[in-house]
There are 2 protein chains.
Amino acid sequence: MSSCEFESLEKSLESHLPEAELVEVKRILYGKETLKLDLPAFAVEAASERNFELKAFKFDALQEQLRPPRRTRVGLVQHKIVLPTDAPVLEQINAIHSRVGEIVEVAAMCGVNIICFQETWSEHFLLSLADEPWTEFAESAEEGNTTRFCQELAKKYNMVIISPILEREELHSKLWNSAVVISNSGNVLGKSRKNHIPRVGDFNESTYYMEGDTGHTVFQTQFGRIAVNICYGRHHPLNWFMYSMNGAEIIFNPSATVGALSEPMWPIEARNAAIANHCFTCAINRVGTEHFKNEFTSGDGRKAHHDFGHFYGSSYVAAPDGSRTPGLSRTQDGLLVVEMDLNLNRQVSDKWSFKMTGRYAEYAEKLTEAVAHDFKPKVIKE
Amino acid sequence: MSSCEFESLEKSLESHLPEAELVEVKRILYGKETLKLDLPAFAVEAASERNFELKAFKFDALQEQLRPPRRTRVGLVQHKIVLPTDAPVLEQINAIHSRVGEIVEVAAMCGVNIICFQETWSEHFLLSLADEPWTEFAESAEEGNTTRFCQELAKKYNMVIISPILEREELHSKLWNSAVVISNSGNVLGKSRKNHIPRVGDFNESTYYMEGDTGHTVFQTQFGRIAVNICYGRHHPLNWFMYSMNGAEIIFNPSATVGALSEPMWPIEARNAAIANHCFTCAINRVGTEHFKNEFTSGDGRKAHHDFGHFYGSSYVAAPDGSRTPGLSRTQDGLLVVEMDLNLNRQVSDKWSFKMTGRYAEYAEKLTEAVAHDFKPKVIKE
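Residues numbered from 1 in each chain as written. Chains lettered and ligands numbered in written order. Predicted model: local features only at pLDDT ≥ 70, side-chain atom pairs only at ≥ 80, totals over all residues. Heavy atoms only, no water.

**What about the relation of the copies chain B and chain A?**
Line of reasoning, step 1. For the pair chain B and chain A, the best superposition has an RMSD of 0.0 Å and corresponds to a rotation of 180° with a translation of 0.0 Å parallel to the axis. Those values place the two copies in the arrangement expected of a two-fold rotation axis.
Line of reasoning, step 2. Counting the interface residues of chain B, we find that 100% of their copies in chain A are interface residues as well, pointing to one common contact surface. (Least-squares fit on C-alpha atoms with pLDDT ≥ 70 in both. Contact = heavy atoms within 4.5 Å.)

**Description of the sheet that holds strand 4 (residues 114-116) of chain B**
Residue and element names in this part refer to chain B.
Line of reasoning, step 1. Judged by pairing direction, the sheet is mixed, and its 8 strands sit side by side in the order 1-2-17-3-4-5-6-7 without closing on themselves. Edge positions in the open sheet fall to strand 1 (35-36) and strand 7 (188-193), since each of these has one partner strand only.
Line of reasoning, step 2. Its contacts with the sheet put helix 4 (residues 89-109) on strand 2 (53-59), strand 3 (71-78), strand 4 and strand 17 (334-341), and the angle it makes with strand 17 is roughly 30°. (Pairing = 2+ DSSP bridges. Helix = DSSP H or I, 4+ residues; strand = E, 2+ residues; numbered from the N terminus. Axes fitted to C-alpha atoms, helices over the stretch in contact; angles between N-to-C directions.)

**Overview of unusual backbone geometry**
All names here are of chain A.
Line of reasoning, step 1. Despite not being glycine, Ser173 has its phi angle at roughly 55°, a positive value.
Line of reasoning, step 2. Topologically, Ser173 is positioned in the loop between strand 5 (160-169) and strand 6 (174-182).
Line of reasoning, step 3. Given a relative accessible area of 68%, Ser173 falls into the exposed group. (Buried < 20%, exposed > 50% of the residue type's maximum accessible area, 1.4 Å probe, protein only.)

**Comments concerning the interface of chain B and chain A**
Quoted interface sizes are often the accessible area lost when the parts come together.
Line of reasoning, step 1. On the side of chain A, 85 residues touch chain B, which itself brings 85 residues to the contact.
Line of reasoning, step 2. Together chain B and chain A conceal approximately 8,200 Å² of surface at their shared face, both sides included; 66% is due to carbon and sulfur atoms.
Line of reasoning, step 3. Counting across the chain B and chain A interface gives 2 salt bridges.
Line of reasoning, step 4. Measuring nitrogen to oxygen at the nearest pair gives 3.0 Å for the salt bridge that ties Arg27 of chain A to Glu263 of chain B.
Line of reasoning, step 5. The interface formed by chain B and chain A contains 50 residue pairs in polar contact (both at pLDDT 80 or more).
Line of reasoning, step 6. Here the side of chain B that touches chain A takes 8 residues from helix 10 (residues 360-370) of chain B, the largest share from any one element.
Line of reasoning, step 7. Class assignment for the residues of the side of chain B that touches chain A results in 41 nonpolar, 28 polar and 16 charged.
Line of reasoning, step 8. As paired elements, strand 18 (residues 379-380) of chain A and strand 10 (residues 218-221) of chain B share 2 bridges and run parallel to each other. Within strand 10 of chain B, the residue paired with Ile380 of chain A across the bridge is Phe219 of chain B. (Buried area = accessible area lost by both parts, 1.4 Å probe. Salt bridge = Lys/Arg side-chain N within 4 Å of Asp/Glu carboxyl O. Polar contact = N/O pair within 3.5 Å; in protein donor to acceptor, adjacent residues only side chain to side chain. Nonpolar A, V, L, I, M, F, W, Y, C, P; charged D, E, K, R; others polar.)

**Points about the sheet that holds strand 18 of chain A**
Line of reasoning, step 1. Read from one edge to the other, the open sheet built from 6 strands follows the order 18(A)-10(B)-11(B)-12(B)-13(B)-16(B), with strand pairing classed as mixed. Unpaired on one side and paired on the other, strand 18 of chain A together with strand 16 (316-318) of chain B mark the two borders of the sheet.
Line of reasoning, step 2. Pairing analysis gives 3 bridges linking strand 10 of chain B to strand 11 (residues 224-228) of chain B, with the strands arranged antiparallel. From the neighbouring strand, Gln220 of chain B faces strand 11 of chain B, where its bridge partner is Arg225 of chain B.
Line of reasoning, step 3. Running over the sheet, helix 6 (residues 237-245) of chain B touches strand 10, strand 11, strand 12 (250-255) and strand 13 (280-285) of chain B and is turned about 145° from strand 12 of chain B.

**Concerning the environment of Val218 of chain A**
Line of reasoning, step 1. Considering the arrangement of structural elements, one finds Val218 of chain A in strand 10 (residues 218-221).
Line of reasoning, step 2. Take Val218 of chain A: its relative accessible area is 0%, and that puts it in the buried class.
Line of reasoning, step 3. Residues Val218 of chain A and His278 of chain A, spaced 60 residues apart in sequence, show a C-alpha to C-alpha distance of 15 Å.
Line of reasoning, step 4. In this structure, Val218 of chain A is in contact with Arg225, Ile226, Ala227, Tyr243, Asn246, Gly247 and Ala248 of chain A together with Lys378, Val379 and Ile380 of chain B, ignoring residues within four places of it in sequence.

**Digging into the pairing of strand 11 (residues 224-228) of chain A**
Residues and elements named next belong to chain A.
Line of reasoning, step 1. When you tally the buried positions in strand 11, you get 4 out of 5 residues, the bulk of the element.
Line of reasoning, step 2. Counting the residues in the hairpin turn of strand 10 and strand 11 gives 2 residues.
Line of reasoning, step 3. When strand 11 meets strand 12 (residues 250-255), the two strands line up parallel, connected through 3 bridges. In the sheet register, Ala227 faces strand 12, and the bridge partner there is Ile251.

**Details of helix 1 (residues 9-16) of chain A**
Line of reasoning, step 1. For helix 1 of chain A, the full list of buried residues reads Leu9, Glu10, Ser12 and Leu13 of chain A. The buried residues of helix 1 of chain A all sit within an arc of 165° when viewed along its axis, so they share a single face.
Line of reasoning, step 2. Residues of helix 1 of chain A that are buried in the fold lie against helix 2 (19-30) of chain A together with helix 1 (9-16) and helix 2 (19-30) of chain B. (Arc of directions from axis to C-beta.)

**Side note on helix 4 of chain B**
Line of reasoning, step 1. A rise of 1.5 Å per residue sets the reference length of helix 4 of chain B, with its 21 residues, at 30 Å; its end C-alpha atoms lie 31 Å apart and thus fit the reference within 8%.
Line of reasoning, step 2. Phi turns positive one or two residues past the end of helix 4 of chain B, at Gly111 of chain B, with a value near 75°. (Expected span 1.5 Å × (residues − 1).)

So, to be careful, I would describe these as geometric facts and stop short of saying anything about function.
Dropping the structure here:
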């Protein structure tokens, strides 16, 4: 069985483990069981007709006396590209718009309030050497084609949309990896630029764009306070932490990452962030293998090749109590619908008290010392 | 099947999954396969006679041109208490010394260089209301019974010993939760006090001791630079991070934690720390259920009871490349022997570059702002 064929961890466990052991295995792996969420039959049918996976779960919280439940439904979309990577740019973009549009329509049938797409969702993932006209995919965050497309969906479905794109900023002649946040009114609420840029082996994304300058902005929407930590930023605990310090209740992590590189880290990092910061996190990865006409090397001794590897999907949501949903598949387009009661964040915080026991003021001092070029580490020798 | 009976995740998967799927499931769950480490037959026999689980693995690194391999063997010990919790204090301590002594002897047969015991290893876990003479378990870090016992073992076996105890500091009339680090020469190298003290529901460890004042000390030993992040400190990414900033190559996390509370978080946090900080982490949890003569309540609506819950063992080692060893069992005493080539840390760091892409200077500024009582979070509203 190749790694591109293996559909999902959950499916394998459910097919083979005896019921009593499955319960224990799932508890240890995924925490308190996430409840299945019932969806309208017409939504399930529509997903089936449109050939994408649809899964739905919910996280409950305790009923409080003074606050009503604050239930919100998020949608996570993972999808393959539609046209070959050497088709005309606008055709590629329009074909993806059309595909994702039909997924969003199903999300609306499922009552989704906030939806998030994968990193640079309206195009194949970037590989400049293999793909000459790549800068033409870059669009204005405020007025580009993709933003206008999302604004219409947002208004039509009363949905907040997080739209991660390759951004062209004409003002400063720069490209950015950005997430545009569009309110359910259809207005652009703002954008959040990728804070940490990978330099992994010879794969260096600063070929395309540099570290973001929008800090750790949180967006207050009608359905909760949200933030966007793009892709490689998930490896940096301080990045998640600062979004949380600014009040994020849900942190989205739109990504594009392949199996050989990161798959065993994928279930760990966003989930650790949900636990450590008493918030929900949503990890979204693209899916499929993207072929390029021009061959390229990857600085790892392998021969030149035409693809970057298999994007393994597996999008999931993690809760502050350490539990998580099963993932979407490793191989197919999918929509994960998750209802969460945001009251759970404060309930878990009141119990586990990480913010109160965190000694942050002392870390602020220590970190300030530690970043100095002449920092002397505290090491005891015999 | 009750949670106290379920022996281990790995055993369940290995018993039921078809081989091809097991390979994929293990890859996704545990990363690159950890190799089995061969042990001398007499060590395996001794462990069997002494009735504890013995597992051994190794993490390799690439051969470098300019640095020889830096292989070190760590031992993680998880054990039950031996005598009832109302036996005389010194008898309880001595019985545990004797039990752990026979495990350490086997560790020596396996060539272990650095061994770490569980949190407050020489006694049952603290519950002051249920256990009146509990302060009598506290010992001097420098001259206590338990330290002297460890010094002899250290010299005898040429082994660095990390000995987490309840420390009595006569000088300031204080109790601490501390790890004493004893060099393979037998000298006390120093101590590392628990930095973060749990207040989880009504379980408040500041009943016993307060936040440590030894900062993020790293100990340079003959076998590598080590640090100790005690128990609840594993929930705080900044804690792991500061040990790493001080140069730790292996961070030990001696713990005492029960199933209902933390089990789904257990495989996540130490492993996330290994990934995020390009180092090895060793998570050690005690095992068994400890009964107290006096009943007590837990502020959760349950009736008064005589135990705190099941300590689920499951000790494991995580590597900087996202891989990890299987865990020790959830139910038995055990010794996990892991050989690691410390060169792997820099190799992974050179590839993934988290320290170079971390923007730490900016976080130092932001964190300093964020801890102020009048901090204004960065929130965008429509």
